[in-house]
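Listed below are the residues making up each chain.
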Amino acid sequence: MDTFDPKHIYSDAAKLARLKDKKLFLFDIDGTIAVGDTLYEGSADLLRYIQAIGGRAYYITNNSTKSGLDYVKKFHDAFHLDSTEDHFITSGYMTLRFLKENYADKKIFVLGTASFVAELRKNGLWVTEVCEDGIDCVVVAYDSELNYAKLTEVCKVLFTQDVPFYGTNPDLRCPIDFGFIPDCGAICDMITATTDKQPIYLGKPSKEVVKLCLEVSGFTPEETLVVGDRLYTDIACGINGGVDTCVLFTGEAQKKDILTPGGEPNTQYLPDYAFENVQELLNACQGQINFK
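Let me begin by describing the structure that accompanies this report. (Residues numbered from 1 in each chain as written. Predicted model: local features only at pLDDT ≥ 70, side-chain atom pairs only at ≥ 80, totals over all residues. Heavy atoms only, no water.)

1. Details of the nonpolar core
Stage number 1. In terms of nonpolar packing, the biggest core is built from 33 residues, with F27, Y59, F75, F275 and L281 touching the most fellow members.
Stage number 2. Ignoring any residue separated from it by four or fewer positions in sequence, one finds L281 in contact with L46, L225, V227, C246, L248 and F275.
Stage number 3. Core analysis: the next-biggest nonpolar cluster, separate from the first, contains 19 residues, F109, L151, C174 and C184 among them. (Core = buried A, V, L, I, M, F, W, Y, C linked by side-chain atoms within 4.5 Å. Buried < 20%, exposed > 50% of the residue type's maximum accessible area, 1.4 Å probe, protein only. Contact = heavy atoms within 4.5 Å.)

Quick look at the structure:
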C-alpha cells in the first residue's frame, strides 16, 4: 500500500472504519489466503478473528477440481484448520445446483476431473464423457487431468449437436507455487477457438454465489465482504452481488491493475478495499492501519 498515494480511496479513514462492521467474509482460496499447500501468513489469525467477533467465513472458490469434502481434508491436513463441507461454495457446487435445477433428467456431457464427474453422478445427474446421441448440454470444468482425447470428444459434441455450452468458471489461470497454470477459462477459450461456441459461466462472478452465502448465513449485505486476488471473478462477484469487496495483492491482481499512476481507476471492477496481504486486511479490521 505504501506505493499508493495516501490521498486515494484506499486510505479513507471512514471507509476503513467500516471494516469493523464486517461479519461475513467470502474468501477466494488460491492466491488469496493460500497457494498450493501453503497457508499465507495472517490467514489463520484472520479466521480466528472472524470467529471471535461472531462472524462466519465461507470459501467461494472457482476451483472445481475438489469437492467440499476434498477441501475439508486439505484444510485439515495442509493448513491445520478445522472446517465443514458447508463452508465451501465452489464453482463445482454452483454448477451442480444449476444442473439439478435445469437438467435433472437430461444427458450431460462433462469435461472435468474424475472427482468432479463422480460428484455430479453421486447427486443423481446423468453424465457422459463420450460423444453419443441425445446429449442435452456440455459442461467444461477446470480439469487438472486434461488430455487431448477429452478435448477431441468435447469438440465432437459441439460440432455434431446443437446444445448449450457451460463453463464452471471464467478464470484464465490458476495460482500455483511457481506462478500460474491454465484454468477453466483458458480451456474454454481453446474450445471456443476450435468450435466457435461460446460458454456460459456458472461460478464467480455470478451474483448467485453471494446470494447463496447471504441466504444460508443470515448476515446482511452491509455485513459482508468478498475477499479475492482476481478482479474479473472475485471482485466482480462481490459487485454483482451488491456487497463490499477487497482485493489482496498476493495473487493475480497488481496495483497497476487497480489505479493508474495518477490515482485514477484503471478497471471496471474497482474494489472497495485493497491491501498487500491477509495480515494487512486483519490489521485494518482491528483498526490498526495507519497511513503516513
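2. Quick word on the sheet that holds strand 7 (residues 137-140)
Stage number 1. Pairing in this open sheet of 5 strands is parallel, and the strands run 6-5-7-8-11 from one edge to the other. Of all strands in the sheet, those with a lone pairing partner are strand 6 (126-128) and strand 11 (200-201), marking the two edges.
Stage number 2. Pairing between strand 7 and strand 8 (residues 165-167): 3 bridges, direction parallel. Each bridged residue has a counterpart across the sheet, and for V139 the counterpart in strand 8 is Y166.
Stage number 3. Where helix 6 (residues 148-160) meets the sheet, its contacts fall on strand 5 (107-111), strand 7 and strand 8, and the angle it forms with strand 5 comes to roughly 145°. (Pairing = 2+ DSSP bridges. Helix = DSSP H or I, 4+ residues; strand = E, 2+ residues; numbered from the N terminus. Axes fitted to C-alpha atoms, helices over the stretch in contact; angles between N-to-C directions.)

3. What to know about the pattern of salt bridges
Stage number 1. In this structure the tally under the stated criterion is 17 salt bridges.
Stage number 2. With a closest N to O distance of 3.8 Å, D37 and K74 form a salt bridge. Pair noted here: D37 is in the loop between strand 2 (34-35) and strand 3 (38-39) and K74 is in helix 3 (residues 68-77), with a separation of 37 residues, a long-range link.
Stage number 3. A relative accessible area of 15% places K74 in the buried class.
Stage number 4. With a shortest N-O distance of 3.9 Å, E129 and R121 are connected by a salt bridge. (Salt bridge = Lys/Arg side-chain N within 4 Å of Asp/Glu carboxyl O.)

4. Observations concerning the environment of D143
Stage number 1. Among the secondary structure elements, D143 is positioned in the loop between strand 7 and helix 6.
Stage number 2. Sequence separation between D143 and T224 is 81 residues, and the spatial gap between their C-alpha atoms is 31 Å.
Stage number 3. Look past the residues within four positions of D143 in its chain and what remains in contact with it is L111, G112, T113, K150 and I187.
Stage number 4. Reaching out from D143, the side chain makes a polar contact with the backbone nitrogen of E145 at a distance of 2.8 Å. (Polar contact = N/O pair within 3.5 Å; in protein donor to acceptor, adjacent residues only side chain to side chain.)

5. Some thoughts on the packing of aromatic side chains
Stage number 1. The final tally for this structure, using the stated rule, is 10 aromatic pairs.
Stage number 2. Ring centres of F27 and Y59 lie 6.3 Å apart, and the angle between their planes is 25°; on these two criteria the pair is classed as stacked. Taken together, the positions of F27 in strand 1 (residues 24-27) and Y59 in strand 4 (residues 56-59) put the pair 32 residues apart, joining distant regions of the chain.
Stage number 3. Judged by relative accessible area, which is 5%, Y59 ranks as buried.
Stage number 4. Ring geometry for Y103 against Y166: centres 5.9 Å apart, planes inclined by 70°, an arrangement best described as edge-to-face. (Phe/Tyr/Trp six-rings, centres within 6.5 Å; stacked < 30°, edge-to-face > 60°.)

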